[in-house]
Amino acid sequence: MVKTLGQHEGLDLRKQEAVELVARIKDLLWEKKAEKVVALDLRAVSESLDYFVLASATSTPHLQALERHVQEKLEEEGLRPRPTEGQSPRWVVLDYGEVVVHLMTPEAREYYDLEGFWADAERI
């Protein structure tokens, strides 16, 4: 017997999968010693964004290692980020649809202050 998901059940399932992805990404970042890993639930404060995961790297090589590790491990699980433009040696964005990962140097993180901009978002 095939179960048909109602509209609300589908949304709950999608939210659960997104929250599980957030947790998985946080674990991957901690494996590579990312600093100040924070996840934000933006659904209550944004009409177009769901979840952000923010993390700091200690250097440009560390930033690249974090990016590579997250991408490789999630690709092994069948997940690929959407193409993004404008990557820099200070800030990398990995867009997994409902979950967007921001990897930044401490200077970039302080300058752009995404946590301050989204201060009303729930931390998860």
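See above for the structure.
Residues numbered from 1 in each chain as written. Predicted model: local features only at pLDDT ≥ 70, side-chain atom pairs only at ≥ 80, totals over all residues. Heavy atoms only, no water.

Caption draft 1: Seen up close, the overall build of the chain. Counting its regular elements, the chain contains four helices and five strands. Written out in order from the N terminus, the α and β elements of the chain read α-β-β-α-β-β-α-α-β. Long-range pairs, those at least 24 residues apart, make up 57% of the contacts in the chain with a sequence separation of at least 6. Only carbon and sulfur atoms are counted for the fraction: they give 49% of the accessible area of the chain, which is about 7900 Å². (Helix = DSSP H or I, 4+ residues; strand = E, 2+ residues; numbered from the N terminus. Contact = heavy atoms within 4.5 Å. Areas by Shrake-Rupley, 256 points an atom, 1.4 Å probe, with all protein chains shown as cover.)

Caption draft 2: Layout of the side chain of aspartate 41. Within the secondary structure, aspartate 41 is located in strand E1 (residues 35-41). For aspartate 41, a relative accessible area of 8% gives the class buried. (Buried < 20%, exposed > 50% of the residue type's maximum accessible area, 1.4 Å probe, protein only.)

Caption draft 3: Quick look at the packing of aromatic side chains. Enumeration according to the criterion identifies four aromatic pairs in this entry. Ring geometry for phenylalanine 52 against tryptophan 118: centres 6.4 Å apart, planes inclined by 85°, an arrangement best described as edge-to-face. Separated by 66 residues along the polypeptide, phenylalanine 52 in strand E2 (residues 51-56) and tryptophan 118 in the loop between helix H4 (114-117) and strand E5 (122-123) bring together distant segments of the chain. By relative accessible area, which is 7% here, phenylalanine 52 ends up buried. Plain terms: the ring middles of tryptophan 91 and tyrosine 112 are 4.7 Å apart, the flat faces sit at 45° to each other, and that makes the pair tilted. Of this pair, tryptophan 91 sits in strand E3 (residues 91-96) while tyrosine 112 sits in helix H3 (residues 106-112), and the two are 21 residues apart along the sequence. Residue classification places tyrosine 112 among the partly exposed positions, given a relative accessible area of 39%. (Phe/Tyr/Trp six-rings, centres within 6.5 Å; stacked < 30°, edge-to-face > 60°.)

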